[in-house]
Amino acid sequence: MHPLTAFLADGSSWITFDVSGFKAEFWSLTFDGLAYGAIYALIAMGYTLVYGVLRLINFAHSEVFISGAYAVVFTLSFLGFGGSPPGLSTPALIGDLLLAMILAMVVSGIVAVVLERVAYRPLRKKGAPPLAFLITAIGASFTIQYLIEWWRGPNAENSVIMFIPKPLFSVFGSNVDDQQLIIFLAAIVLAVGVDQFLKRTRFGRGIRAVAQDPDTATLMGVNKERVIMLTFLIGGILAGAAALFYVMKVPSGVIYNGGFILGIKAFAAAVLGGIGNIRGALLGGLLIGLIGEYGATLLGNAQWTDVIAFVVLVLILMIRPTGILGESLGKARV
Amino acid sequence: MTTASSATRPANESAVRRFRNRWNELSRPQQWVALIPLVVLIYLIPEINAPFLASTSVDFATSMFHAAEFAMIALGLNVVVGQAGLLDLGYVGFFAIGSYVAALLTSPESMLAKIPYLATLPIAMIVTMIFGLLLGTPTLRLRGDYLAIVTLGFGEIVRLLASIIPVFNGNVGLDNVGHPPKLLGQTFSNTDAKPWYWLMVTLIIVILLFVGNLERSRVGRAWVAIREDEDAAQIMGVSTFKFKLWAFAIGAGIGGLSGALVGGQVSFVNNQDFSVPFSVLYLAAVILGGAGNKVGVMIGGFLVAYIPDRFNSLGDKKYLVFGVALVLLMIFRSQGLLGARQRLLARGRQAYRQLLGRPEPITSESSVTPDGGAQ
C-alpha cells in the first residue's frame, strides 16, 4: 500500500465532500449557523469595543463570557430548571430567562470591570509596551479559567434545558424554530442598540473620541479612564447576553475552559468583519457561524468547524487585513 | 526608562550587578573555562540524588528530563518572543509536529517508511521549519497582535487535525516510537530518562552556541532592532519581514526538535498533549525567566517544569499559579527574573573597554538613557 493512501479517505470518512447532503440540508444549516453566529457576534462585539478603544486583544473576554454562562446555569438551577424542560407557562418562562440574563450580564460586567482594574490599569499607568498587555491578558484568562476549575472541578456543569425548540414556520422547505429566531433577533436588537448608543449618546461619543485619539479626547474633557471602564462594562454585558443564548443552544456546554475556543472564534469573527466596528462584528459573527456549519457538513465531521474558522481567519487577513467592513470605531483610525 | 527607576534599585541587585560586571570583564576563553564545572555539574545532576531537589513522587531523572525539555523549548521560543519580539501562542503546534514526525517515521503503527530514530531529528526540524515558514509568510506582514491570535489558531488546528486525520491515530496514538542506538555505553529506553537527559543537555549546548552566534551576528542585531522599534528598523534598511521569518522558522525548528526528543523518550505520541495551555506554559517560562536572555529563559523553563514535579500536589493548579505569575510579572517586573540587557555585543564590548578603560555600563533599560547608557 502506498503510504500516501493513508492520508486519503478510505471509507472511515474522516473527510468527505458530501455535496448532496450539503445541498439537502442547506437551509436548515443556514438557520442553525445564523443562531450560532449570533452568539459569536455578541461575544465579538466585546472584543471589538475593547480593541477599538485600547488596541488590546482582551484574551480574557472569553472568561468574562463563561462567568456569565455559570451565572445562567446557577440561576436556572436555583429556579428549578434541569435535565428536562420545566412545564412553565410562557410568561413565567420568559420571566425566569430574563432574570437569568440580567444576572449573567451583572456577573460578566463585574468580571470585565474588575479585570480592567486589576490587570490592565496598572500597566497603562506604567506605559507598558503592547506585548506586556497581551501577556497579561493571557495570564488573566488562565487565572480565571483555573480559578473556576478549582472551584467547580474539571467537568461540565449539569445541563439546564430551557425549552424544547418548536418549529415556527418553514422557509424554502426547512423549519425555523423559536430558539433560532429568538437568538438571531436578540443579537440583531442588541447590535443595533450598541450601534445607536455609540452614535447618539454622550457616552458613545466619548468612546468614539477615545478610540480616535486618546490624548486629544482627554484634552477635550473626556474622562478616559471612565470611558475605558464603560467599554469593558458594555462588552461584559453583551457577553452576559451571549451566555444566556449559549446555554439555551448548548445546555451542557458550561465548562471552565468552554469559553476559550469560542472566544478565539468570536475574535476571528471580529477581525473578519473589521475589528473596532460593531456592524463588522455582527457580520463577522454570522459569517463564522455559517461557515462553521457548512464546513462541518460538507467535510463530514463536526471537528472541522474550528479548523475552518481559523483557516478562514488566516485567509481573510492575507487578502484584507482590515476585515470586510474595515476598522472604524473612531472612524479615522489607521 | 526613567532615571528614578534605576537609582532606587534594591541593594541586593547591586551584588548581582557586581557579579555581572566581573563576569563581563573576563575574556571569552576565560568564561569558557569558568563554565566547565557548571556544565559538568548539570550533566551529573541525575546521578546525584540531592536531598531537597529530588522529588518524592516523580522519578528524578524523568523530572530533570522534563526540566531540560522545557529549557530547550524556552530557548526556542525565546528566539521568537525574546529576540524578535513576536508573540507566538501556538508554539505547541511546532512541538506536536516534531513529535509526530518522529513517531510517524519510527513507530511500527504508522504506515510510513521506517528510518533510524536519530535521522528523524533533523527531519523533524526541517519539517517544522517549513511549517513555520508556511504560517509566517502570510501572517508576519500583519500587525503583531494578529500574529498572536493566528498562531493560537495554528496550535489548535494542529491538535484538531491530529484528532481527525486517521494516519495520526487520534487518541489511540502511535506507540513504540524509536530511540537512538546504544551510545557511549548508554541504552536508550522509555524506562530510563538519564541517557535522554544527557542527549537533551548536549543538544541544548549546541543550540546555545548556534543561537548565541546568531545573536552576535547581523541577524541578531536585526532582531533586536525589530523588537525595539520595527518602523525605525525598516527605515534603517533592515529587511524586517525576512528577519522576522527567520526568527519564526528557527524558533519552530527548535520546537520541532524538542518535540521529536520528547516523543522518543515517552515512546508514545497521541493528540492529548498538545492543547493550548502548553503554549501558555512555554510562554510563562520565557517571560518568567526574562524574554531575550538565554540563561534567564532556561532558568524559567526549568522552574516551570520543575515546580509542578517537585510539589506534586499542585496538579492542575500549576496553570493557575503560572497565570497569576504572568499577570504579576507584567505589573511588577515586566523584564522577568533576568531581563534582556541592552548591551554592546562581543567586539563592541572589547573596544569600549580599551578606549575608556572601564567596562560598559549595563542596564536592563534602554542603552540610550542618560543614567546608564553609552555616553
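Residues numbered from 1 in each chain as written. Chains lettered and ligands numbered in written order. Predicted model: local features only at pLDDT ≥ 70, side-chain atom pairs only at ≥ 80, totals over all residues.

1. As for the overall build of chain B
The helix and strand inventory of chain B stands at 15 helices and 2 strands. Among the 375 residues that make up chain B, the fraction classed as buried is 46%. Sequence-distant contacts, at least 24 apart, represent 76% of the contacts inside chain B between residues at least 6 apart. (Helix = DSSP H or I, 4+ residues; strand = E, 2+ residues; numbered from the N terminus. Buried ≥ 20, exposed ≤ 12 C-beta atoms within 10 Å, placed from the backbone. Contact = placed C-beta atoms within 7 Å.)

2. Overview of the overall build of chain A
From N to C terminus, chain A includes 11 helices and 2 strands. Along chain A, helices and strands appear, N-terminal first, in the series α-α-α-α-β-β-α-α-α-α-α-α-α. Along the three orthogonal principal directions, the C-alpha set of chain A runs to about 65 × 55 × 40 Å. In chain A, buried positions account for 53% of the 334 residues. A fraction of 79% describes how many contacts in chain A between residues 6 or more apart in sequence connect residues 24 or more apart.

3. Details of the packing of helix α3 (residues 90–126) of chain A against helix α8 (residues 224–249) of chain A
All names here are of chain A. Direction vectors running N to C along α3 and α8 enclose 145°, while the axes themselves pass 7 Å from each other. When you trace α3 past α8, the crossing you get is right-handed. Side by side, α3 and α8 meet where Leu97, Ala100, Met101, Ala104, Met105, Val107, Ser108, Gly109, Val111, Ala112, Val113 and Glu116 of the first sit next to Ile228, Met229, Phe232, Leu233, Gly235, Gly236, Ile237, Ala239, Gly240, Ala241, Ala243 and Leu244 of the second. Here the contact of α3 with α8 is built from residues that sort into 18 nonpolar, 5 polar and 1 charged. (Axes fitted to C-alpha atoms, helices over the stretch in contact; angles between N-to-C directions. Left-handed = near helix turned anticlockwise from the far one by under 90°. Nonpolar A, V, L, I, M, F, W, Y, C, P; charged D, E, K, R; others polar.)

4. Considering the interface of chain B and chain A
Counting residues at the interface gives 40 residues for chain B and 40 residues for chain A. Broken down by element, the side of chain B that touches chain A gets its largest block of residues, 14 residues, from helix α7 (residues 144–164) of chain B. Residue composition of the side of chain B that touches chain A, by class: 29 nonpolar, 7 polar and 4 charged.

5. Section: the packing of helix α1 (residues 19–54) of chain A against α8 of chain A
Residue and element names in this part refer to chain A. Across the interface, α1 lies against α8 with an axial gap of 9 Å and an inter-helix angle of 170°. Considering their axes alone, α1 and α8 lie roughly antiparallel with respect to each other. Where α1 crosses over α8, the handedness of that crossing is left-handed. Class assignment of the residues belonging to the contact of α1 with α8 gives a composition of 21 nonpolar, 4 polar and 1 charged. (Parallel < 35°, antiparallel > 145°, perpendicular 65-115°, else oblique.)

6. Focus on the confidence of the model for chain B
Residue and element names in this part refer to chain B. Here chain B shows a mean pLDDT of 77. Residues at 70 or above account for 82%. Ranking the helices and strands of chain B by mean pLDDT puts helix α11 (residues 240–266) first, with 90, and helix α1 (residues 3–7) last, with 42. Contacts of residues 1–9 to residues separated by more than four positions or lying in other chains number 10 contacts, the stretch itself having pLDDT below 50. Here residues 364–375 is modelled with pLDDT under 50, and outside its nearest four sequence neighbours on either side it reaches 23 contacts, counting other chains as well. Interface predicted TM-score (ipTM) for the complex: 0.77; the corresponding pTM is 0.81. (pLDDT = per-residue confidence, 0-100.)

7. Quick word on the confidence of the model for chain A
Residue and element names in this part refer to chain A. For chain A, per-residue confidence averages 83 on the pLDDT scale, and residues scoring 70 or more make up 93% of the total. The least confident element of chain A is strand β1 (residues 167–171), whose mean pLDDT is 78; the most confident is α8, at 92. Predicted confidence for residues 1–11 stays below pLDDT 50, and this span has 12 contacts to residues more than four positions away or in other chains.

8. Quick notes on the environment of serine 252 of chain A
Residues and elements named next belong to chain A. By the element assignment, serine 252 lies in the loop between α8 and α9 (258–273). Expressed as a C-alpha distance, the spacing of serine 252 and alanine 156, which sit 96 residues apart in the sequence, is 6.8 Å. Setting aside residues no more than four positions away along its own chain, serine 252 makes contact with Ala156 and Ser159.

9. Let's talk about helix α11 (residues 304–319) of chain A
Relative to the 22 Å expected for 16 residues at 1.5 Å per residue, α11 of chain A spans 22 Å between its end C-alpha atoms, a close match to the ideal helical length. Listed as buried for α11 of chain A are Trp304, Thr305, Asp306, Val307, Ala309, Phe310, Val312, Leu313, Val314, Ile316 and Leu317 of chain A. (Expected span 1.5 Å × (residues − 1).)

10. Observations regarding unusual backbone geometry
The backbone phi angle of arginine 55 of chain A is positive, close to 55°, even though this residue is not glycine. Here arginine 55 of chain A lies in the loop between α1 and α2 (61–78). Owing to 17 C-beta atoms within 10 Å, arginine 55 of chain A belongs among the partly exposed residues under this scheme. One non-glycine residue with positive phi stands out, namely serine 267 of chain B, at about 70°.

11. Quick look at the pairing of strand β2 (residues 174–177) of chain A
All names here are of chain A. Where β1 and β2 come together, 4 bridges link them in antiparallel fashion. Following the sheet pairing, serine 170 is matched in β2 by asparagine 175. Taken together, β1 and the strand that follows it, β2, pair antiparallel across an intervening segment of 2 residues, in which phenylalanine 172 is found at a positive phi of about 50°. (Pairing = 2+ DSSP bridges.)

12. Points about α2 of chain A
All names here are of chain A. End to end, α2 covers 26 Å across 18 residues, agreeing with the expected 26 Å (1.5 Å per residue, within 8%). With 15 of 18 residues buried, α2 lies mostly within the body of the structure. Phi for glycine 80, located one or two positions after α2, is positive at around 95°.

13. Things to note about the environment of glutamine 234 of chain B
Of note, glutamine 234 of chain B is situated in helix α10 (residues 230–235). For glutamine 234 of chain B and alanine 222 of chain B, which are 12 residues apart along the polypeptide, the C-alpha to C-alpha distance reads 9.6 Å.

14. Regarding the environment of lysine 126 of chain A
Within the fold, lysine 126 of chain A resides in helix α3. Its 14 C-beta neighbours within 10 Å are what place lysine 126 of chain A among the partly exposed residues.

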